[in-house]
Amino acid sequence: MCNLNSKVSDVVLGKEKPVEESDPDYEKLKHYIFELENHLAEAQKHAYRLVKRHREKGQSLSDFGKAVKLLGASEGNSLGKAFSELGIKSEILSAKLQNEAHQILMNFEEPLKDYVRAVQSIKATIAERANAFRKQCQLAETVKLKEIELERQRLHRSEKLAEAEREYNELKAESEQATKTFESIVRLMNEEIRRFQEQKTLDMGIAFHEFAKG
Amino acid sequence: MLDGAAKLPKQLMGESVIGPQEVVQPAKGGRDFMRLFKELRQSVANDWGGSKPPVVEEDKEFLEKKERIQELEQQITNASTQAESLVKAQQDMGETMGELGLAFIKLTKFENEEVVMNTQRVRATDMKGLATAAVKASRFYRELNAQTVKHLDTLHEYLGLMLAVHGAFSDRSSALLTVQTLLSELSTLQSRAEKLEAASSRVFGGDKSRMRKLEELQDTIKVTEDAKNVAIREYERIKENNKSELERLDRERRTDFLNMLKGYVVNQVGNSPVNSSFHSNIESPKLCHRDVASANVHVKARNVVAVEFLNRALLYSPVVFEDQIAIVEFYPVGIWRV
């Protein structure tokens, strides 16, 4: 929860400190998510490069096959036939490599990309949660200040008391709403993380297996 | 260079004669400028003159072989270039596989360090398997590539040999040109001698200076005749040498290329990461034995390509593939098999 005493004195003194949650578990989670994104992005980059390498090898095998077939035609005899066979098989393997490239793209690189997107979605939720927390803290401060103001007006039986009470009630409702919003984001986030962990473990397990199968 | 420059004034002033002992060396690269000039003149006459030179390359077999060699050289050049590209592509594949493995090693380490939930441990285990396999595959690719370079280098070697073939053809052309030059020169000298004889016979009692000139001319004709005979012998020697060397080239090239093919294919099969004994340790809870069986069928289907190739190669070149080759996978595309 926000440390309101220090926050109030800071605001009064004109010091603006950034308002953040101070839960150590949540800090650990944030650090995990941010670092995970970096590692996953790196892995996904190499996965995509691997797709490209398969395509390139496929292309060079095809070109090699053609060249070797022409060489076989020049040589003639049994050597020529052997070259020709190598050329034909190289072209077949080239087609298989192109297909393999596509499989790696769809069954390995795409799931990795999804994984990255899921992590980025959690990062977005972290940002939303931070905003909601800040708003909640700011409103709580404002309510506190308003409460002090209201007390003062009650003591002086000010004619603006009714208006001040109304404003105070509005602010209080807003603050409670902000708290609810924040708590709902926290709840959704916890569910998202749990779902993320379970689903992604399964998805990546399948992706790795598909990659291995070829 | 200096000798040639010293000889030139005498050659320009007097009669220049190509001696028999000199014709065995080609004119090009030599020091006899006069000879170079004469052969150049003959060469221009061959190319641009209206009449056919006294002797031409008539060996049909040689001409066909020459054309075939030129065509072969083109194809070897092309194959050599594509082989280089293939080697590069294999190298890149290996490097990327290694980088992928490294990225997953880092990811595994990270998940293990930051572990909070059991799912992270499961993922870390899966990733570790993939990372290890990828790094191993990368090493296999490196070894595969080193061997591929060794085998396909034969193409580059024969490309280099083509230079020697061109040298031999060039020697033959030079020797022929020398023969043509000497024959033309002999013909010229003989017709001059005839003219001098005819002019002398008209003068009663003879003309002493003309007689002397005729004698000198006849000496020159004799020397040129000897040089011509030596040049012809040298030309025939080169022709014979060309023939035997071309036959040897054909023989050795056939053997070397067959060995190259054998080595290349055996290497591609033998260095497949699949042939290693490491297995997948990734267990996916969703996959059952049915999927594993279908994965094995998939493997077998790919093997058919490799087996078919080798069977056909055995059919065509029984001398090449002496050993039975156990094939698991032709190309190291997949990392491991269940």
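Remember, predicted model here, so these are calculated numbers, not experimental data. (Residues numbered from 1 in each chain as written. Chains lettered and ligands numbered in written order. Predicted model: local features only at pLDDT ≥ 70, side-chain atom pairs only at ≥ 80, totals over all residues. Heavy atoms only, no water.)

(A) Layout of helix α2 (residues 24–75) of chain A. Residue and element names in this part refer to chain A. Along its 52 residues, α2 runs 75 Å from first to last C-alpha, staying within 8% of the 76 Å computed at 1.5 Å per residue. Sitting at the amino-terminal end of α2 is D23, which places a side-chain oxygen 3.1 Å from the backbone nitrogen of D25. Following α2 by one or two positions, G76 has its phi on the positive side, about 75°. (Helix = DSSP H or I, 4+ residues; strand = E, 2+ residues; numbered from the N terminus. Expected span 1.5 Å × (residues − 1). Polar contact = N/O pair within 3.5 Å; in protein donor to acceptor, adjacent residues only side chain to side chain.)

(B) Geometry of the nonpolar core. Judged by nonpolar contacts, the single largest core of 74 residues is most densely connected at A:L36, A:F108, B:F104 and B:F257. Of all the secondary structure elements, the ones that give two or more residues to this core are α2, α3 (77–155) and α4 (161–213) of chain A together with α3 (60–113), α4 (118–202) and α5 (208–270) of chain B. The element best represented in this core is α3(A), accounting for 17 residues. The residues touching A:L36, leaving out its near neighbours within four places in the chain, are A:Y115, A:V119, A:F196, B:L107, B:F110 and B:E111. (Core = buried A, V, L, I, M, F, W, Y, C linked by side-chain atoms within 4.5 Å. Buried < 20%, exposed > 50% of the residue type's maximum accessible area, 1.4 Å probe, protein only. Contact = heavy atoms within 4.5 Å.)

(C) Structural context of the interface of chain A and chain B. Listed by partner, the interface residues are 56 residues for chain A and 69 residues for chain B. Buried area between chain A and chain B, summed over both chains or domains, comes out near 5900 Å², and the portion from carbon and sulfur atoms is 72%. Applying the counting rule to chain A against chain B returns 3 salt bridges. Between A:E75 and B:R68 there is a salt bridge, with its nearest N and O atoms 3.9 Å apart. Only α2, α3 and α4 of chain A provide two or more residues apiece to the side of chain A that touches chain B. Take the side of chain A that touches chain B: its biggest share by element is 26 residues, from α2(A). Each residue belonging to the side of chain A that touches chain B can be placed in one class, and the counts come to 26 nonpolar, 12 polar and 18 charged. (Buried area = accessible area lost by both parts, 1.4 Å probe. Salt bridge = Lys/Arg side-chain N within 4 Å of Asp/Glu carboxyl O. Nonpolar A, V, L, I, M, F, W, Y, C, P; charged D, E, K, R; others polar.)

(D) Summary view of the pattern of salt bridges. By the definition in use, this model includes 30 salt bridges over all chains. Linking B:R253 and A:E75 is a salt bridge whose minimum nitrogen-to-oxygen distance equals 2.7 Å. With B:R253 in helix α5 and A:E75 in helix α2, this pair bridges two chains. Considered together, B:R253 and A:E75 belong to a single accessibility category, that of buried residues. With a shortest N-O distance of 3.8 Å, B:D250 and B:R68 are connected by a salt bridge. On the criterion of sequence distance, the pair formed by B:D250 in helix α5 and B:R68 in helix α3 is long-range, its members being 182 residues apart. Here the salt bridges do not stand alone but share partners, grouping A:E75, B:R68, B:D250 and B:R253 into one network.

(E) The confidence of the model for chain A, seen in detail. Residue and element names in this part refer to chain A. Model confidence for chain A is summarised by a mean pLDDT of 87, while 91% of its residues fall at 70 or above. Highest mean pLDDT in chain A belongs to α2 (94); lowest belongs to helix α1 (residues 4–13) (48). This model gives residues 4–8 a pLDDT under 50, and the stretch forms 5 contacts once residues within four places in sequence are excluded. (pLDDT = per-residue confidence, 0-100.)

(F) How the structure looks around α4(B). Here α4(B) is 85 residues long and its end C-alpha atoms lie 126 Å apart, about the 126 Å a rise of 1.5 Å per residue gives. In α4(B), a bend of some 35° at B:L152 exceeds every other bend along the element. (Bend = angle between axes of the 7 residues up to and from the residue.)

(G) Representation of the packing of α2(A) against α3(A). Residue and element names in this part refer to chain A. Two elements in contact, α2 and α3, have axes separated by 7 Å at closest approach and are oriented at 165°. The angle between the axes of α2 and α3 places the two elements in the roughly antiparallel class. Both α2 and α3 take part in a crossing whose hand is left-handed. Per-class residue counts for the contact of α2 with α3 are 31 nonpolar, 15 polar and 13 charged. (Axes fitted to C-alpha atoms, helices over the stretch in contact; angles between N-to-C directions. Parallel < 35°, antiparallel > 145°, perpendicular 65-115°, else oblique. Left-handed = near helix turned anticlockwise from the far one by under 90°.)

(H) Broad picture of the packing of α2(A) against α4(B). Close contact between α2(A) and α4(B) brings their axes to 14 Å; oriented N to C, the two are set at 25°. Here α2(A) lies roughly parallel to α4(B), going by the angle between them. Crossing of α2(A) over α4(B) shows left-handed handedness. Along the contact surface, α2(A) presents A:Y32, A:K57, A:F64 and A:L71, while α4(B) presents B:Q120, B:R123, B:Y141, B:L152 and B:L155. Class assignment of the residues belonging to the contact of α2(A) with α4(B) gives a composition of 6 nonpolar, 1 polar and 2 charged.

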